[in-house]
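Structure assessment
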Amino acid sequence: MCMSKMSGSDSIPQRADMQASGGRQKMRHGWSRFVVALRPFLFIALLIVAWDIAVRRQPAHLLPTPWETVGGILDLVRHNLLLKYVVASLFRVTWGFSLAAILAIPLGLAIGWYRRAEMALNPILQILRPISPLAWIPIAILWFGVGDLSAVFLIFVGSFLPLLLTSINAARSVPDVYVNAGRNFGLGPMQLIARIFYPAVMPQLIVGLRITLGVAWLVVVAAEMIAVDSGLGFLIVDARNAGNRYDLVVAGMVIIGLIGFLLDVGMRSLEKVKSFRWSYSED
Amino acid sequence: MVTKEVEAAPGLKTKLSVDNVSMTYKRDGKLTHVLENVNLEVSDGEFVCLLGPSGCGKTTLLNTMAGFLTPTSGTIQVNGEAVRGPDPRRIFVFQERGVFPWLTVEGNIGFGLSKLTKPEREQRIAHYVKMVGLQGFEKSYPAELSGGMKQRLEVARALAVNPDMLFLDEPFGALDSITRLVMRSELLRIWQAERKTIIFVTHDIDEAVQLADRVVVMSARPGTIQQIVPIDIAHPRDISSQHYLELRDGIFKQIGLAHQV
Ligand SMILES: Nc1ncnc2c1ncn2[C@@H]1O[C@H](COP(=O)(O)OP(=O)(O)OP(=O)(O)O)[C@@H](O)[C@H]1O
Ligand SMILES: [Mg+2]
């Protein structure tokens, strides 16, 4: 595919005489970059081939083949279920995660700022932290019944504590020098927050948000296996229960992986914003 | 101590006066006496170096002068008014890196200039970028600058708000010896051009004698003022002259160091 592109541009002589050597150099450079970018895909392709061969040599058929999985995905598309389930899962994550972020971040920053409050709260936070969000499933169902609300609640629970802890840490680790410098230049409390505190905590917060979104995506699948009757997690248990459609099970897993990956890519692009990037590159 | 030495040079207005300042830190119920009965007068436009061993309370004294700390007892006045907190007319350049890593060189220098109109601000920024030799790095972030450039940036940020006093806490301590020399002469040049009152903390005797109008020698903790040495040599100073060496060796003796290795 790329080859045809190359020969295509070679066949435009008017261009070539203008910046012949420079253009060709750039092209070669682009080509090697393209190969580097291609490497992960080659690796994935290799794995798929290995998967295919391994499954075919196994008479017991312990896994669907890659083609059966693709077939499963197409089946879902045909029944208008793929989009519906993806949207259902993303909807729950969006709500649970956003609510958690809206509450946990300001609270955590305030707690971190007032060190005494942090000291008083620390023990309870450390006790709550090791409790898996999944342990809340029975309580979620008791409070909210089977449905969206339960799933949203579970994602909220799973995101709230990590975000709270990240925010507390971010606020605590703002060096005094920055705050003092801000005060020295005559900033009042509101300006200190906007011009010193906010930019200083941002990089840590973004990392926390990214990791927590990953957690939320894990939790939604688990929550949907039990607490609701739609979404990608539901797809997986349902495909098994209703007729051992393992092609659909693996299809669901693949889609969960892909979407999780895309969410992470999205969050990572925030880390690239110049004025947030300082803490990742400094010393 | 002879009282005469505490007073500001005659004929000049007193800018800063420190009267009977003592400072005691209390941490975990433990008291640390850091400053004891410090008295000092600094006149307008004067360059004073605070010199003393590590941990003697130089940073603490500077922090009380700048209004970041309230002394346990005693008073500090600037222009005859008691200091009640930090003030943009008196900028502190921190011992640790104090430039804002989330702002570019321009953003840092312009940090204290939000009250100016945009053209005024840009002009001021350009002026100080040039003064500290950071042309071409206006859009760079501190992470892309060397240690010496960051330090110059912080000095520029301080100068840009046109303060009448500068507190510099070992600003060149982390720099290599060549950069340090360059920075010293740049600071002198700026001081001579703009006539700020400068309080400069260092534990480098040569640095103090090269820069200051007066060197304030402090004792080990609890810090007291041991001696104030006027350096009556005009700038630029010949650092191999007899008089320079006499003054320097006098301070070495005062601190209790034989000038031999
Ligand atoms: N916030 C604080 N609480 C308790 N003790 C402190 C505090 N800040 C400083 N000290 C103590 O006060 C003493 C003087 O500290 P200071 O930072 O003023 O010294 P310094 O002369 O600037 O030293 P250096 O040359 O190493 O920078 C030290 O012994 C230090 O341990
Ligand atoms: Mg110090």
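Residues numbered from 1 in each chain as written. Chains lettered and ligands numbered in written order. Predicted model: local features only at pLDDT ≥ 70, side-chain atom pairs only at ≥ 80, totals over all residues. Heavy atoms only, no water.

1. Topic: the site of ligand 1
Residue and element names in this part refer to chain B. Residues in contact with ligand 1 amount to 14 residues; listed here are only the nearest, S54, K58, T59, T60 and R221. Interatomic distance of 2.8 Å between a backbone N/O atom of G55 and an oxygen atom of ligand 1. In this structure, an oxygen atom belonging to ligand 1 sits 3.0 Å away from a main-chain N or O atom of G57. A total of 630 Å² of accessible area belongs to ligand 1 in isolation, and the protein chains cover 71% of it. (Near = heavy atom within 4 Å. Polar contact = N/O pair within 3.5 Å; in protein donor to acceptor, adjacent residues only side chain to side chain. Areas by Shrake-Rupley, 256 points an atom, 1.4 Å probe, with all protein chains shown as cover.)

2. A closer look at the pairing of strand β3 (residues 47–51) of chain B
Residues and elements named next belong to chain B. For β3, a buried count of five out of five residues is recorded, marking the element as mostly surrounded by other parts of the structure. What you see with β3 is no split at all: F47, C49 and L51 on one side and V48 and L50 on the other are buried throughout. By the bridge criterion, five bridges tie β3 to strand β8 (residues 197–202) in an arrangement that is parallel. Bridge assignment links L50 to a residue of β8, and that residue is V201. Where β3 and strand β9 (residues 214–218) come together, four bridges link them in parallel fashion. Pairing of L50 across the sheet is with V216, part of β9. (Buried < 20%, exposed > 50% of the residue type's maximum accessible area, 1.4 Å probe, protein only. Helix = DSSP H or I, 4+ residues; strand = E, 2+ residues; numbered from the N terminus. Pairing = 2+ DSSP bridges.)

3. Here's the deal with the packing of aromatic side chains
Summed over the entire model, instances satisfying the criterion amount to 20 aromatic pairs over all chains. Judged by centre distance (6.1 Å) and plane angle (85 degrees), the rings of Y85 of chain A and F234 of chain A are edge-to-face. You can see Y85 of chain A sitting in helix α5 (residues 81–113) and its partner F234 of chain A sitting in helix α11 (residues 232–241), a full 149 residues away along the chain. Classification of Y85 of chain A by relative accessible area gives buried; the value is 7%. With a centroid separation of 6.3 Å and an interplanar angle of 80 degrees, the aromatic rings of W143 of chain A and F144 of chain A are classed as edge-to-face. Taking the relative accessible area as the measure of exposure, F144 of chain A reaches 33% and is therefore partly exposed. Through successive ring pairs, a cluster of aromatic residues spans Y178 and F185 of chain A together with F100, W102 and F111 of chain B. For the cation-ring pair, R157 of chain B lies above F100 of chain B, with the distance from its terminal atom to the ring centre recorded as 4.5 Å. In this arrangement the basic side chain of R195 of chain B is found over the ring face of W191 of chain B, its NZ or CZ atom lying 4.4 Å from the centre. (Phe/Tyr/Trp six-rings, centres within 6.5 Å; stacked < 30°, edge-to-face > 60°. Lys NZ or Arg CZ within 6 Å of the ring centre and 35° of its normal.)

4. A few points about the packing of α5 of chain A against α11 of chain A
All names here are of chain A. Following both chains from N to C, one finds α5 and α11 inclined at 130 degrees, their axes separated by 8 Å at the closest point. Compared by their axis directions, α5 and α11 come out oblique. Where α5 abuts α11, its residues Y85, V86 and S89 lie against L232, F234 and L235. When grouped by side-chain class, the residues that make up the contact of α5 with α11 number five nonpolar, one polar and no charged. (Axes fitted to C-alpha atoms, helices over the stretch in contact; angles between N-to-C directions. Parallel < 35°, antiparallel > 145°, perpendicular 65-115°, else oblique. Contact = heavy atoms within 4.5 Å. Nonpolar A, V, L, I, M, F, W, Y, C, P; charged D, E, K, R; others polar.)

5. Considering the confidence of the model for chain B
With 93% of its residues at a pLDDT of 70 or more, chain B has an overall mean of 87. Note that residues 1–6 of chain B has pLDDT below 50 and, in this model, ten contacts with residues that lie over four places away or in other chains. (pLDDT = per-residue confidence, 0-100.)

6. Describing the side chain of S140 of chain B
Looking at the element boundaries, S140 of chain B is found in the loop between α3 (118–131) and α4 (147–160). Among residues more than four places away in sequence, those in contact with S140 of chain B are T104, V105 and L145 of chain B.

7. Points about the sheet that holds β8 of chain B
Residue and element names in this part refer to chain B. Taken together, six strands build an open sheet; the order of strands is β6-β7-β8-β3-β9-β10 and the sheet is mixed. Looking at which strands have only one partner, the edges of the open sheet turn out to be β6 (90–93) and β10 (225–230). Strand-to-strand twist across the sheet, computed as the mean angle between neighbouring axes with direction ignored, equals 15 degrees. Packed on one face of the sheet, helix α1 (residues 58–66) meets β3, β6, β7 (165–169), β8 and β9 and runs near 155 degrees to β7.

8. As for the state of the cysteines
Residue and element names in this part refer to chain B. For the structure shown, the criterion picks out zero disulfides over all chains. C49 takes part in no disulfide bond, and the closest cysteine sulfur, belonging to C56, lies 13 Å away. Look at C56 and you get buried, because its relative accessible area is 0%. (Disulfide = S-S within 2.5 Å.)

9. Quick notes on unusual backbone geometry
Residues and elements named next belong to chain B. Of note, the bond from H235 into P236 is cis; its omega dihedral lies within 30 degrees of zero at -5 degrees. Secondary-structure assignment places P236 in the loop between β10 and α7 (242–255). With a phi angle near 50 degrees, D28 is a residue other than glycine that sits in the positive phi range. Here D28 shows up in the loop between β1 (14–27) and β2 (30–43). Take D28: its relative accessible area is 78%, and that puts it in the exposed class. In this model, R195 sits at a positive phi of 55 degrees, which is unusual for a non-glycine residue. By secondary structure assignment, the location of R195 is in the loop between α5 (177–194) and β8. Judged by its relative accessible area of 47%, R195 falls in the partly exposed class.

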